[in-house]
Every structure is written in C-alpha cells, then in structure tokens.
Amino acid sequence: MLDQKDIEARKARLAELLGTQLRVRGKTLETRMARAGRLLPKWARRDLEKIVEASRHAGHPKLARMVDLATLDKAEARVTRYLRSLDPVEARKTAWLRLAGLIALNLLIVLGVFLWVIYSLGHL
C-alpha cells in the first residue's frame with residue numbers, strides 16, 4: 001500500500017539531489033523541477049512528474065490504489081542514478097572554459113575585422 005510519508009520522503013530526497021547536483025533552489029520538488037527546466041532530460045522530468053503525481057494520489061484512499069509502486073521505484077532509481085552521476089564542479093569548470101573560448105573567439109573576430117579595414121584603406 002502506498003504511504004504518504006514514504007512518498008514525501010522520496011520527494012525530499014530527490015529535491016535535495018536536485019539542489020546539490022544541479023544547484024537549483026526551491027522549497028518543494030515541484031519548484032525545483034520547474035527551475036531546473038532543460039537542465040534535466042525529458043525522461044527525467046517525466047519520471048519526476050510520476051513521483052509528484054503519486055504524491056497527489058497518496059492522500060486519497062481510492063486513488064492511492066491506482067499508483068504502481070514498481071513503476072514508482074524504477075522512476076526514482078533512474079532519476080537518482082542520473083543525478084548522482086552529475087559532477088557539479090566539472091559542470092562549473094566547463095561553463096568557465098566555454099565562456100573563455102567565446103571571449104577569445106570574439107576577440108579574434110574583432111581583430112580580423114580591424115586588420116581587414118586597415119588593409120582595405122591602404123594603411124597596412
């Protein structure tokens with residue numbers, strides 16, 4: 001049988017993982033999911049949505065029987081495995097390297113245009 005406390009504990013664990021691994025803020029899992037947006041793959045968002053839906057159904061006696069616990073366990077395991085595989089330090093380092101590369105590329109383009117203008121005016 002589906003227990004409301006069990007579902008809330010699952011939601012709390014997943015919300016904590018979203019906060020630590022993806023650095024999204026919010027009080028509830030739903031808020032963190034919304035803020036994570038496209039940082040999560042589509043299948044992970046669907047799995048998290050299943051857990052949120054099960055949480056809504058868990059409070060109602062008839063609807064609680066409709067929730068498939070095996071599917072819920074699989075969804076939680078998949079999302080947990082995915083979130084634990086992420087490395088926030090590596091993601092931050094990659095973001096800084098991409099920014100540095102973008103700045104370097106823009107400087108090269110500006111320098112190239114500057115040299116072309118000087119050459120076309122005959123000053124070089």
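Sequence positions are assigned chain by chain, starting from 1 and proceeding in written order. In view of the model being predicted, local features appear only for residues whose pLDDT reaches at least 70, and side-chain atom pairs are presented and counted only at 80 or more, with totals across whole chains, interfaces and linings using the full set of residues. Hydrogens are left out, water is left out, and the side-chain values use all remaining heavy atoms of the structure.

1. Structural notes on a nonpolar patch on the surface
We count it as follows: For patches, a residue must show more than 30% relative accessible area and have no salt bridge; joins then use 9 Å for like charges and 5 Å for nonpolar side chains, namely Val, Leu, Ile, Met, Phe, Trp and Tyr. Accessibility throughout is a Shrake-Rupley quantity obtained with a 1.4 Å probe, and a residue counts as covered only by protein chains that appear here. For salt bridges, the criterion is a side-chain nitrogen of Lys or Arg within 4 Å of an Asp or Glu carboxyl oxygen. Secondary structure follows DSSP: runs of H or I at least 4 residues long count as helices, runs of E at least 2 residues long count as strands, and numbering of each begins at the N terminus. Three exposure classes are used, based on accessible area relative to the maximum for each residue type with a 1.4 Å probe and protein chains only: buried under 20%, partly exposed in between, and exposed over 50%.
Residues Leu 105, Ile 109, Val 113, Trp 116, Val 117 and Leu 121 make up a contiguous nonpolar surface patch of about 610 Å² in total accessible area. Tracing the backbone shows Val 117 in helix α6 (residues 88-121). Accessibility expressed as a relative area gives 34% for Val 117, which makes it partly exposed.

2. Topic: the packing of helix α3 (residues 42-58) against helix α5 (residues 69-85)
Rules: Between the N-to-C directions of two axes lies an angle of 0 to 180 degrees, each axis being a line fitted to C-alpha atoms and, for a helix, fitted only over the stretch in contact. Angle categories: roughly parallel below 35 degrees, roughly antiparallel above 145, roughly perpendicular from 65 to 115, and oblique for all the rest. Each crossing gets its handedness from the near helix: less than a right angle anticlockwise from the far helix is left-handed, clockwise is right-handed. Whether two residues are in contact is decided by their heavy atoms: any pair within 4.5 Å suffices.
In contact at an axis separation of 9 Å, α3 and α5 are set at 135° when each is read in the N-to-C sense. Classified by the interaxial angle, the pair formed by α3 and α5 is oblique. When the axes of α3 and α5 are compared, the crossing they make is left-handed. Between α3, through Trp 43, Ala 44, Asp 47, Leu 48, Lys 50, Ile 51 and Ala 54, and α5, the contact on the second element is made entirely by Thr 71, Leu 72, Ala 75, Glu 76, Arg 78, Val 79 and Tyr 82.

3. Comments concerning the packing of aromatic side chains
Put simply, the rule reads: To pair, rings of Phe, Tyr and Trp, with the six-membered ring standing in for Trp, must have centres within 6.5 Å; the planes then decide the type, stacked if under 30 degrees apart, edge-to-face if over 60, and tilted in the middle.
Evaluated as defined, the whole model comprises one aromatic pair. Residues Trp 43 and Tyr 82 carry aromatic rings whose centres are separated by 5.5 Å and whose planes lie at 75° to one another, so their mutual orientation is edge-to-face. Of this pair, Trp 43 sits in helix α3 while Tyr 82 sits in helix α5, and the two are 39 residues apart along the sequence. Of the residues examined, Tyr 82 reaches a relative accessible area of 21% and is grouped as partly exposed.

4. Overview of the environment of Leu 83
Among the structural elements, Leu 83 can be located in helix α5. On the accessibility criterion, Leu 83 (0% relative accessible area) is buried. Taking the C-alpha atoms as reference points, Leu 83 and Gln 21, 62 residues apart in sequence, are found 6.4 Å from one another. Once you skip the residues sitting within four places of it in the chain, Leu 83 turns out to touch Leu 14, Leu 17, Leu 18, Gln 21, Leu 22 and Leu 40.

5. Description of α6
Our working rule: Between the first and last residue of a helix there are one fewer steps than residues, each counted as 1.5 Å, and that sum is the expected span.
In this model α6 runs 50 Å from its N-terminal to its C-terminal C-alpha over 34 residues, within 8% of the 50 Å that 1.5 Å per residue would give. Count one or two residues on from α6 and you reach Gly 122, which has phi positive near 85°.

6. Remarks on helix α1 (residues 4-22)
With 19 residues, α1 should cover 27 Å at 1.5 Å per step; its first-to-last C-alpha distance of 26 Å lies within 8% of that length. Taken residue by residue, α1 has Ile 7, Arg 10, Lys 11, Leu 14, Ala 15, Leu 17, Leu 18, Gly 19, Gln 21 and Leu 22 as its buried positions. Here the buried face of α1 lies against α2 (29-36), α3, α5 and α6. Arg 23 sits one or two residues past α1 and shows a positive phi near 60°.

7. Concerning the pattern of salt bridges
Taken as a whole and assessed by the stated rule, the structure comprises nine salt bridges. For Arg 10, the salt bridge goes to Glu 76, with nearest N and O atoms at 3.4 Å. A residue pair is termed long-range when its members are at least 10 positions apart, and Arg 10 in helix α1 and Glu 76 in helix α5 qualify at 66 residues. Here the two residues Arg 10 and Glu 76 agree in accessibility, since each one is buried. Among the ionic pairs, Arg 78 bridges to Asp 47, the shortest N-O distance being 3.4 Å. Highlighted residues: Arg 78 in helix α5 and Asp 47 in helix α3, separated in sequence by 31 residues.

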